[in-house]
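A structural walkthrough
Residues per chain are reported as follows:
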Amino acid sequence: MGYYPPATYLPSSVQNPFRTQTLGIVIHDTWGHPGGDIPILRAQGPSGNRVDVQFYVEASGAVYQFLDSDRGCWGAMATANNTCVQIEHEGNGSSWTAAQIHASARLVAWLSVKYKIPLRYTRPFSGNTQSFRGVFGHKDLSVDGVDGNTHTDTIPGNLTWPAYLALCASYVAKPTPAPVRVVTKPGVMTPALWRVLLGFIRLHYSPANQGPVWTKMTSNPANAYALLKAKKLAP
């Protein structure tokens, strides 16, 4: 089982099979924004096409997880889907924010340790799965048309692979940040509690119910805390 402690977990409606091996990490850029990216990346699209990944990094630096990182995903065709962990990043081909760069590097560092993935840039090619061992962009699968890939997303222009991977390596020796824990008193609404509240509503309530639920939760912080605790989302 693989769950990144700092991430907000929003489970995908599609639970793919578990991988039998983990060779590399694929870096994506969505050319989108959270409001549209997140629903698409954690569910089947309206056309029935499967599109999902394990992780998504917002420009704010927030990290979301949609699948157990031990599972495969549908983000870069057959070989990468079955052998790699994949990370989407909010963006439109422009520069990532500093917060996003560091959040992405922390996540890659955690994955590299968990799955013993070398922190090196690699360019995969067909017929040799060991060429997938390392970190690479979706674009790198398209250079040789591996499995028919044609996408061009990768790290942004304000980064180089040596600089990005050096930052990832710098986080390997640092402890992974602890998951968000809500420790508060009735009547006190902390920033951490607000963050968990949003994830709670997204996870457990349909859009039609969010209005009255939101009112109930925010009318009194004690109500919010009680509801979180009932779902075991707060101590």
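The preceding data block contains the structure.
Residues numbered from 1 in each chain as written. Predicted model: local features only at pLDDT ≥ 70, side-chain atom pairs only at ≥ 80, totals over all residues. Heavy atoms only, no water.

**Here's the deal with helix H5 (residues 161-172)**
In this model H5 runs 17 Å from its N-terminal to its C-terminal C-alpha over twelve residues, within 8% of the 16 Å that 1.5 Å per residue would give. Inspection of H5 places Trp161, Tyr164, Leu165, Leu167, Cys168 and Tyr171 among the buried residues, and these make up the whole buried set. The buried side chains of H5 occupy one side of the element, clustering within an arc of 155 degrees when seen end-on. Elements in contact with the buried residues of H5: strand S2 (24-27), helix H3 (98-115), strand S6 (134-137) and helix H4 (138-143). Two to three positions downstream of the cap, the backbone nitrogen of Ala163 sits 3.2 Å from a side-chain oxygen, assigning the N-cap of H5 to Thr160. (Helix = DSSP H or I, 4+ residues; strand = E, 2+ residues; numbered from the N terminus. Expected span 1.5 Å × (residues − 1). Buried < 20%, exposed > 50% of the residue type's maximum accessible area, 1.4 Å probe, protein only. Arc of directions from axis to C-beta. Contact = heavy atoms within 4.5 Å. Polar contact = N/O pair within 3.5 Å; in protein donor to acceptor, adjacent residues only side chain to side chain.)

**Some words on H3**
Given a rise of 1.5 Å per residue, 18 residues ought to cover 26 Å, and the 26 Å separating the end C-alpha atoms of H3 matches this to within 8%. When H3 is considered as a whole, its buried residues turn out to be Gln100, Ile101, Ala103, Ser104, Ala105, Leu107, Val108, Ala109, Trp110, Leu111, Ser112 and Tyr115. A positive backbone phi angle near 55 degrees is found at Lys116, which sits one or two residues after H3.

**A short note on the packing of H3 against H5**
At a minimum axis distance of 8 Å, the contact between H3 and H5 shows a crossing angle of 65 degrees. Note on packing geometry: the crossing formed by H3 with H5 is right-handed. Every residue of H5 that contacts H3 at Ile101, His102, Ser104, Ala105, Arg106, Val108, Ala109, Ser112 and Val113 is listed here: Tyr164, Leu167, Cys168, Tyr171 and Val172. The residue inventory of the contact of H3 with H5, partitioned by class, reads ten nonpolar, three polar and one charged. (Axes fitted to C-alpha atoms, helices over the stretch in contact; angles between N-to-C directions. Left-handed = near helix turned anticlockwise from the far one by under 90°. Nonpolar A, V, L, I, M, F, W, Y, C, P; charged D, E, K, R; others polar.)

**Thoughts on the packing of aromatic side chains**
Counted under the stated rule, the structure contains seven aromatic pairs. Consider the rings of Tyr4 and Phe55, whose centres lie 6.3 Å apart with planes at 90 degrees: the pair is edge-to-face. Within this pair, whereas Tyr4 is found in the segment before strand S1 (8-9), its partner Phe55 is found in strand S3 (residues 55-57), the two being separated by 51 residues in sequence. Each member of the pair, Tyr4 as well as Phe55, is classed as buried. Geometrically, the ring pair formed by Tyr4 and Trp110 is tilted, given 5.2 Å between the ring centres and 55 degrees between the ring planes. Residue Tyr4 is located in the segment before S1, and its partner Trp110 is located in helix H3; the two are separated by 106 residues in the primary sequence. Each member of the pair, Tyr4 together with Trp110, is buried. One aromatic cluster in this structure is built from Trp96, Tyr121, Trp161 and Tyr164. Looking at Arg19, its charged tip hangs above the ring of Tyr115, at a distance of 5.4 Å from the centre. (Phe/Tyr/Trp six-rings, centres within 6.5 Å; stacked < 30°, edge-to-face > 60°. Lys NZ or Arg CZ within 6 Å of the ring centre and 35° of its normal.)

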